[in-house]
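# Close look at the chain arrangement
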Amino acid sequence: MYQMRRIILPTIFSLFITSLSFGQFTTDEISYGNRLDLKNNNNSWAIGGGFSNFIMHGDLRSIGTNNLGNFYNFGGYAYVNKMFNPLLGLELKLSYNQMSGGSQYLSDIYEVLYVPGSVVRNGNSVRVNKENLFFEGRAYGAELNLIFSFSNLYETKVSKWHAAGYFGIGYHLYNSALYEKLNDGTNFAFDDANFGYNPTRNSENEASSIYLSAQVGLKRKISKRIDIEARTGIYFNNEDHLDATISNKQDWETFFVTSIGVSVKLGKNKE
């Protein structure tokens, strides 16, 4: 994960510098030998928002758990972006996500740190069933993304469809907590595994971490001002406790976010 950050972060910085260097060109000038006719889609500012679905892929996972089925986590997002030229732009995005996921093949092979092998319930010592571990929580995040237009690499005229990539860095606060699903359907909370009792988490009330992201989006033009958009992306979390679970099964975490929403272009149209 450390080496990945050494590669990705300089790349993001280099692309940002490139975007600024091309900022002198307008959206209807020549790019890569093709004349781009963007007179009906040259709003350089846009705002957008919509709904999202969060999928955890760490020590605990939202899809394909052993005993607990699948976990569906919904949230929302809002952003503002600025295109400097037909190819490059920047986006500031805010997000909220519900988070949850369950155990997948933990069994007795992988030790879960800060979780005892047995606990006392109703005066009896009971063994913890690792296959019934799950987490729940929510996360608030902000990210800065470089926008790279795939469509404008080859399009000579504006179409109703537009594809782009988003590559960035973000920061989020989250309060994920670990539980065990008991045979009677109730949930047992592992207080000692969360926040202040877990020395790797940086707060007694909430944890936080930096993440890197790579996303791809597709927009469908509805009018000169409005697009419908869908986006999906993979995120690389910089800590190992987003799912409130630390084990030697996986010492880094990824999560996936898929979203659908509306984008509204701002500014004047050049006729």
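Right above here is the structure, for reference.
Residues numbered from 1 in each chain as written. Predicted model: local features only at pLDDT ≥ 70, side-chain atom pairs only at ≥ 80, totals over all residues. Heavy atoms only, no water.

## Brief notes about the overall build of the protein
- The number of helices and strands found in the protein is one helix and 15 strands.
- When the 271 residues of the protein are sorted by exposure, 44% land in the buried category.
- A fraction of 73% describes how many contacts in the protein between residues 6 or more apart in sequence connect residues 24 or more apart.
- Accessible surface, the protein as shown: approximately 13,800 Å² in total, 59% of it carbon and sulfur. (Helix = DSSP H or I, 4+ residues; strand = E, 2+ residues; numbered from the N terminus. Buried < 20%, exposed > 50% of the residue type's maximum accessible area, 1.4 Å probe, protein only. Contact = heavy atoms within 4.5 Å. Areas by Shrake-Rupley, 256 points an atom, 1.4 Å probe, with all protein chains shown as cover.)

## Notes on the pattern of salt bridges
- Per the stated rule, a full pass over the model turns up four salt bridges.
- One salt bridge in this structure joins Glu206 and Arg138, with 2.4 Å as the shortest N-O distance. Of this pair, Glu206 sits in the loop between strand E12 (187-189) and strand E13 (207-221) while Arg138 sits in strand E9 (residues 133-149), and the two are 68 residues apart along the sequence.
- Residue classification places Arg138 among the buried positions, given a relative accessible area of 18%.
- Between Lys265 and Asp227 there is a salt bridge, with its nearest N and O atoms 3.1 Å apart. You can see Lys265 sitting in strand E15 (residues 253-266) and its partner Asp227 sitting in strand E14 (residues 226-237), a full 38 residues away along the chain.
- Given the relative accessible area of 7%, Asp227 is considered buried.
- Linked by salt bridges that have partners in common, Glu91, Glu229 and Arg231 make up one network. (Salt bridge = Lys/Arg side-chain N within 4 Å of Asp/Glu carboxyl O.)

## Looking at the packing of aromatic side chains
- What the rule picks out here adds up to 10 aromatic pairs.
- A centroid spacing of 6.2 Å and a plane angle of 5° characterise the contact between Tyr77 and Tyr79, whose relative ring orientation is stacked.
- Aromatic pair Tyr235 and Phe255: ring centres 4.9 Å apart, planes at 10°, arrangement stacked. Linking Tyr235 in strand E14 with Phe255 in strand E15, this pair joins segments that are 20 residues apart in sequence. For the pair Tyr235 and Phe255, a shared accessibility class is recorded, and that class is buried.
- Here Arg231 stacks its cationic end above the ring of Tyr166, 3.7 Å away from the centre of that ring. (Phe/Tyr/Trp six-rings, centres within 6.5 Å; stacked < 30°, edge-to-face > 60°. Lys NZ or Arg CZ within 6 Å of the ring centre and 35° of its normal.)

## Some points on empty space enclosed by the protein
- Under the criterion given, the structure shown has two cavities of 30 Å³ or more.
- Put simply, the second largest cavity is a space of about 150 Å³.
- Lining the second largest cavity are 18 residues, with Ser95, Asn97, Tyr211, Phe255 and Val257 sitting closest to its centre.
- Looking at the lining of the second largest cavity, the elements that each hand over two or more residues are strand E3 (45-57), strand E5 (73-83), strand E6 (88-103), E9 and E15.
- Residue composition of the lining of the second largest cavity, by class: nine nonpolar, seven polar and two charged. (1 Å grid on protein atoms, 1.4 Å probe; cavity = no way out; pocket = protein on both sides within 12 Å on 5 of 7 lines; lining within 4 Å. Points joined across faces, edges and corners; volume = space filled by probe spheres on them. Nonpolar A, V, L, I, M, F, W, Y, C, P; charged D, E, K, R; others polar.)

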